[in-house]
Amino acid sequence: MFDTMKNVIGFVLLLTAALAQDAPETLDERNQHPDVGLNTIQMIQRQEYPVEEHINIQTPDGYLLDMHRIPHGKNNAGQTNKPVAFVMHGLLSSSADWVNMGSEKSIAYQLADEGYDVWMGNARGNTWSRKHIILNPNRDSDFWDFSWHEIGSIDLPTMIDYVLRVTGRQQVFYIGHSQGTTAFWVMLSERPEYNDKIRLMVALAPIAYMSNLTNPFFQLLAMFHNTLEWIFSFIGIDEFLPNTNLFGLIGQIACNDESFVQGLCASVFFLIGGWNSAQLNQSMIPVITTNTPAGAATKQMIHYAQGISSGHFRKYDYGLILNLIRYGSLSPPAYEIANIRAPVGLFYSANDWLAAVVDVHQFANQLPNLALQYLVPDPRFNHLDYLFAIDVRPLCYDRALALMRQFA
Ligand SMILES: *[C@@H]1O[C@H](CO)[C@@H](O)[C@H](O)[C@H]1NC(C)=O
Ligand SMILES: *[C@@H]1O[C@H](CO)[C@@H](O)[C@H](O)[C@H]1NC(C)=O
């Protein structure tokens, strides 16, 4: 409880301090990290890795998705017929998650140097995939009528099929973080024919059951999800935390190395991810906030809140009558975990405020084909450390790549 209060107070102080500061032009730029202000493609280029942009990959329901690819690493350009590593970001994130800590840390570079052809997805509604053949995300509420159910059952199959077509491969290695794992479970539950297209699933901070999560923000959301859904729809908030300049600005002003509130700035990350100041390099926060939050539908948040509150891993709850019309039952149907037959490696940690250890164990017990259950050997490792931790390679990625080699 004390930690929770500390986080909330830190967050409020941070916002106040950020808003009270001068405009960014007056910032001392000497200490600014060169990746501040760069997007996924520009960051990869700055690291001198090859990068491709594949744009407007169309889903059957008209969304246009962008993917980013690192086709090879620094020393294996000539190698042909590479295995594909398909990586999928979490809630409010984007392809930037896999590259923004630079080539010494981020997993996309490690995978490319290990000989993988790396493809980074972007879910509908984020900075890159905020477009549709007919609907306008700025005007049409219908654009935002989706949760991670649609990301899993429509976006992932569309992107995987695209990657298999372009590369001529039969299967991908799938690596997901947080919502990138939730959407994967949905995909195989709803469309079990995709099991054959998955060589191995590496799940970082896996999320299915959520009733034991300890994140105060999500606990509040769960407590009030019915009211919130009503309020959001009444005042028309369909889009949740888009990547406006505000967050980038707050990140750059409040989190730069000379800012006296940098410590508080880190609290925002702890509020989301859990408490572990040792593994977050605070100098990197302005880089991270350049591209994150990247936007999501309010319905994604509400769908998670429903799962926290119900204890079930199941489809979106529309209320009794609409459930009856849509699903033919008063409560939404559960996802079919028995359909997830592809091999799965679960990477989880004791200090993860979103993927609680007991919830991961409950899910692991139901998975038909568990290849590895790996508790990160640092009791303070948190939800965002899977992307940003200083020691993420020795603590997590090295084990993930070793597992992938077993499935080569
Ligand atoms: C996890 O949540 C479930 C459902 O609310 C509850 O029954 C169980 O006691 C919780 N487990 C722990 C270890 O808190
Ligand atoms: C933190 O990030 C800065 C800027 O990239 C870098 O110079 C420094 O070495 C990093 N510290 C650690 C412990 O990784």
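As a reminder, the structure under discussion sits directly above these lines.
Since we're looking at a predicted model, the values are computed, not measured. (Residues numbered from 1 in each chain as written. Chains lettered and ligands numbered in written order. Predicted model: local features only at pLDDT ≥ 70, side-chain atom pairs only at ≥ 80, totals over all residues. Heavy atoms only, no water.)

K.L.:
Can you lay out the site of ligand 2 for me, pointing to particular residues and giving the numbers?
P.N.:
The full set of residues close to ligand 2 is H33, K105, N281, S283, M284 and I390. With respect to ligand 2, the side chain of N281 contributes an N or O atom lying 2.3 Å from an oxygen atom. Its residues assigned to classes, the shell around ligand 2 shows 2 nonpolar, 3 polar and 1 charged. (Near = heavy atom within 4 Å. Polar contact = N/O pair within 3.5 Å; in protein donor to acceptor, adjacent residues only side chain to side chain. Nonpolar A, V, L, I, M, F, W, Y, C, P; charged D, E, K, R; others polar.)

K.L.:
Break down the site of ligand 1 for me, citing the residues and quoting the values.
P.N.:
Near ligand 1 the following residues occur: S211, N212 and V358. In the environment of ligand 1, an oxygen atom lies 3.5 Å from a nitrogen or oxygen atom belonging to the side chain of S211. In the environment of ligand 1, an oxygen atom lies 2.7 Å from a nitrogen or oxygen atom belonging to the side chain of N212. Protein contact buries 28% of the 360 Å² of open area that ligand 1 shows by itself. (Areas by Shrake-Rupley, 256 points an atom, 1.4 Å probe, with all protein chains shown as cover.)

K.L.:
Before we move on, can you summarise the pattern of salt bridges with the specific residues and values?
P.N.:
Opposite charge on two side chains lets them pair, provided their charged atoms get close. One pass over the structure, following the stated rule, counts 11 salt bridges. Here R69 ties to E52 by a salt bridge, and the two come within 3.0 Å at their closest N and O atoms. In this pair, R69 is assigned in strand β2 (residues 64–70) and E52 in strand β1 (residues 52–58), connecting sequence segments 17 residues apart. Judged by its relative accessible area of 12%, R69 is buried. Of the charged contacts, one joins K131 and D66 as a salt bridge, the two residues approaching to 2.8 Å between their closest N and O atoms. Highlighted residues: K131 in the loop between β4 (117–120) and α4 (148–167) and D66 in strand β2, separated in sequence by 65 residues. Residue classification places K131 among the partly exposed positions, given a relative accessible area of 24%. Several salt bridges share partner residues, and in doing so they unite E52, R69 and D117 into one network. (Salt bridge = Lys/Arg side-chain N within 4 Å of Asp/Glu carboxyl O. Helix = DSSP H or I, 4+ residues; strand = E, 2+ residues; numbered from the N terminus. Buried < 20%, exposed > 50% of the residue type's maximum accessible area, 1.4 Å probe, protein only.)

K.L.:
Please give an account of the nonpolar core that cites residues and values.
P.N.:
Ranked by size, the top nonpolar core spans 115 residues in total, and within it I70, F86, L111, W185 and F347 carry the most contacts. Here F347 is in contact with V202, A203, L204, A205, P206, L372, Y374, Y386, C396, R399, A400 and L403, once residues within four sequence places are set aside. (Core = buried A, V, L, I, M, F, W, Y, C linked by side-chain atoms within 4.5 Å. Contact = heavy atoms within 4.5 Å.)

K.L.:
Outline the packing of helix α6 (residues 216–223) against helix α11 (residues 298–310), supporting the account with residue identities and numerical values.
P.N.:
It is the contact of α6 with α11, at a shortest axis distance of 8 Å, that shows an interaxial angle of 85°. In terms of their interaxial angle, α6 and α11 are classed as roughly perpendicular. Residue-level contacts link F217, F218, L221 and A222 of α6 to M301, Y304, A305, I308 and S309 of α11. Counted by class, the contact of α6 with α11 contains 8 nonpolar, 1 polar and no charged residues. (Axes fitted to C-alpha atoms, helices over the stretch in contact; angles between N-to-C directions. Parallel < 35°, antiparallel > 145°, perpendicular 65-115°, else oblique.)

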